[in-house]
Amino acid sequence: MKFIIILLVIALLILLYPYFRILIKRILLSSRIRKQCRQKGYKFKALHVLPFWGRNNGKSFDFCIETKSKLVYVKLLASKYKKSVLKCPTSSSRQYYFTNSLWLFSKWSQASMSYDTKLQTLPNYDVPSAKNKQQLSILLIHPICFEIVGICSEGQKRILAAGDTIYGMRLESGKTVMEYIHTIDTVSSK
């Protein structure tokens, strides 16, 4: 009986590991972003109760950073697994899905099997109007996935990187968003 309970606890920990990983990385990112905002004199505004536990299919931005001249709205997107590939199949429909790989190892061989998650759609987020302030929106992928593949305006697939624009939002990772916040008033929007 004890053995079965131990196996169930181990299985539960393995299944919940991706969510613990997201939670820990998001808590660390939250403290770094808030500290950076305090140092630079920016206002951090949470747009719902738990701004750093933003759901991938959330209906609004997760938080906002207000500077002297800009309002930066941030939507969080999470990759459950490090080796996932985020795929954005069209340049206009705001749809995305993740391709995950399941690795199987044995004494004699190794094999992998890929599977796609459900196709999801990013809603058109409402950005409140502000006088005399430039408004920017960021899609912050944290924890970051292995690769982001998108369709560019010419209709060809290409690998996207931090700073690229997708669905009208600037694409950033946890590390690059910290650099962007550091220079936010000196950077012009794309």
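Sequence order as written defines residue numbering, which begins from 1 separately in each chain. Local features in this predicted model are restricted to residues of pLDDT 70 or higher, and side-chain atom pairs are both shown and tallied only at a pLDDT of 80 or more, whereas totals for entire chains, interfaces and linings draw on every residue. Hydrogens and water molecules were not included; the side-chain quantities draw on all heavy atoms of the structure.

Focus on the overall build of the protein chain
For step 1, the next point in the chain: Looking only at helices and strands, one finds two helices and 12 strands in the protein chain.
For step 2, the next point in the chain: Working definition: helices are DSSP H or I runs of at least four residues, strands are E runs of at least two. Numbering for both runs from the N terminus. When the elements of the protein chain are put in sequence order from the N terminus, they spell out α-β-β-β-β-β-β-β-β-β-β-β-β-α.
For step 3, the next point in the chain: Seen through its principal axes, the protein chain has C-alpha atoms that stretch 65 × 45 × 25 Å.
For step 4, the next point in the chain: Accessibility here uses a 1.4 Å probe with only protein chains present; expressed as a share of the type maximum, an area under 20% marks a residue as buried, one over 50% as exposed, and anything in between as partly exposed. Counting across all 190 residues of the protein chain, residues that qualify as buried make up 40%.
For step 5, the next point in the chain: Contact definition: two residues touch when any of their heavy atoms are within 4.5 Å. The long-range share in the protein chain, meaning contacts at least 24 apart out of those at least 6 apart in sequence, stands at 57%.
For step 6, the next point in the chain: Using a 1.4 Å probe, accessible areas were evaluated by the Shrake-Rupley method; residue-level cover was limited to the displayed protein chains. For the protein chain, the accessible area works out to roughly 11900 Å², and carbon and sulfur atoms hold 60% of it.

Some points on the layout of surface pockets
For step 1, the next point in the chain: In this analysis a 1.4 Å probe is tested at points of a 1 Å grid over the protein atoms alone, and where it fits but cannot get out there is a cavity; an open set with protein on both sides within 12 Å along at least five of seven lines is a pocket; lining residues have an atom within 4 Å of a point. Grid points are joined across faces, edges and corners, and a volume is the space filled by probe spheres set on the points. Reported here for the largest pocket is a volume of approximately 400 Å³.
For step 2, the next point in the chain: Residue lining of the largest pocket: 19 residues in total, with Y19, I22, N56, A78 and K80 positioned closest to the centre.
For step 3, the next point in the chain: Sorting the residues of the lining of the largest pocket by element identifies α1 (2-40) and β5 (95-105) as the ones contributing at least two each.
For step 4, the next point in the chain: Amino acid classes used here: Ala, Val, Leu, Ile, Met, Phe, Trp, Tyr, Cys and Pro are nonpolar; Asp, Glu, Lys and Arg are charged; the rest, including Gly, are polar. Taken together, the residues of the lining of the largest pocket sort by class into seven nonpolar, eight polar and four charged.

Digging into the confidence of the model for the protein chain
For step 1, the next point in the chain: pLDDT measures how confident the predictor is about each residue, on a scale from 0 to 100. Mean pLDDT for the protein chain: 84, with 91% of residues reaching 70 or above.
For step 2, the next point in the chain: Looking at the elements of the protein chain, mean pLDDT is at its lowest for strand β6 (residues 110-116), recorded as 75, and at its highest for strand β2 (residues 63-66), recorded as 92.

What about the pattern of salt bridges?
For step 1, the next point in the chain: What counts as a salt bridge is simple: a side-chain nitrogen of Lys or Arg found within 4 Å of a carboxyl oxygen of Asp or Glu. Under the definition given, this model contains five salt bridges.
For step 2, the next point in the chain: D164 is the salt-bridge partner of R158, the closest N and O atoms lying 3.6 Å from each other.
For step 3, the next point in the chain: Across the pair R170 and E172 runs a salt bridge whose closest N-O atoms are separated by 2.3 Å.
For step 4, the next point in the chain: Relative accessible area serves as the criterion here: at 18%, R170 is assigned to the buried category.
For step 5, the next point in the chain: E172 gets classed as buried once you look at its relative accessible area, which sits at 3%.

Quick notes on helix α2 (residues 174-182)
For step 1, the next point in the chain: Here α2 has its buried residues at G174, T176, V177, M178, Y180 and I181.
For step 2, the next point in the chain: Those residues of α2 hidden inside the fold are in contact with α1, β2, β8 (134-141) and β12 (169-173).

Observations concerning unusual backbone geometry
For step 1, the next point in the chain: The omega torsion of the bond from H142 to P143 falls at -5°, within 30 degrees of zero and hence cis.
For step 2, the next point in the chain: You can see P143 is positioned in the loop between β8 and β9 (147-151).
For step 3, the next point in the chain: The phi dihedral of R94 falls on the positive side, at around 65°, and the residue is not glycine.
For step 4, the next point in the chain: Mapped onto the secondary structure, R94 falls in the loop between β4 (85-88) and β5.

A few points about the side chain of R26
For step 1, the next point in the chain: Tracing the sequence through the fold places R26 in helix α1.
For step 2, the next point in the chain: We note that R26 is buried and unpaired, the nearest opposite charge coming from D62 at a distance of 6.1 Å.
For step 3, the next point in the chain: There is a polar contact of 3.3 Å between the side chain of R26 and the backbone oxygen of F52.
For step 4, the next point in the chain: Ignoring anything within four residues of it in the chain, the contact list for R26 reads F52, W53, G54, L76, L77, A78 and H142. Under the counting rule used here, the positive set is Lys and Arg, the negative set is Asp and Glu, and His together with the chain ends is not counted. Whenever a nitrogen or oxygen atom comes within 3.5 Å of another N or O atom, the pair is scored as a polar contact, on the condition that within protein one atom can donate a hydrogen and the other can accept it, and that pairs from neighbouring residues in sequence are kept only if both atoms are in side chains.

Quick notes on the pairing of β12
For step 1, the next point in the chain: With respect to burial, β12 is a largely interior element, five of its five residues being buried.
For step 2, the next point in the chain: Connecting strand β11 (residues 165-166) to the antiparallel partner β12 that follows it, the hairpin turn spans two residues, and Y167 within it adopts a positive phi of roughly 55°. Two strands qualify as a pair provided DSSP detects at least 2 bridges between them.

Concerning the environment of C64
For step 1, the next point in the chain: Position of C64 among the secondary structure elements: in strand β2.
For step 2, the next point in the chain: Through-space distance from the C-alpha of C64 to that of V74 is 6.0 Å; in sequence the pair is 10 residues apart.
For step 3, the next point in the chain: Once you skip the residues sitting within four places of it in the chain, C64 turns out to touch K43, F44, K45, L47, L71, V72 and Y73.

With respect to the sheet that holds β8
For step 1, the next point in the chain: Pairing within the open sheet is mixed, and its six strands lie in the order β1-β2-β3-β8-β12-β11. The strands lining the two open edges of the sheet, one partner per strand, are β1 (43-46) and β11.
For step 2, the next point in the chain: Angles shown run from 0 to 180 degrees and are taken between the N-to-C directions of axes, each axis being a line fitted to C-alpha atoms and, for helices, limited to the stretch in contact. Where α2 meets the sheet, its contacts fall on β2, β8 and β12, and the angle it forms with β12 comes to roughly 115°.

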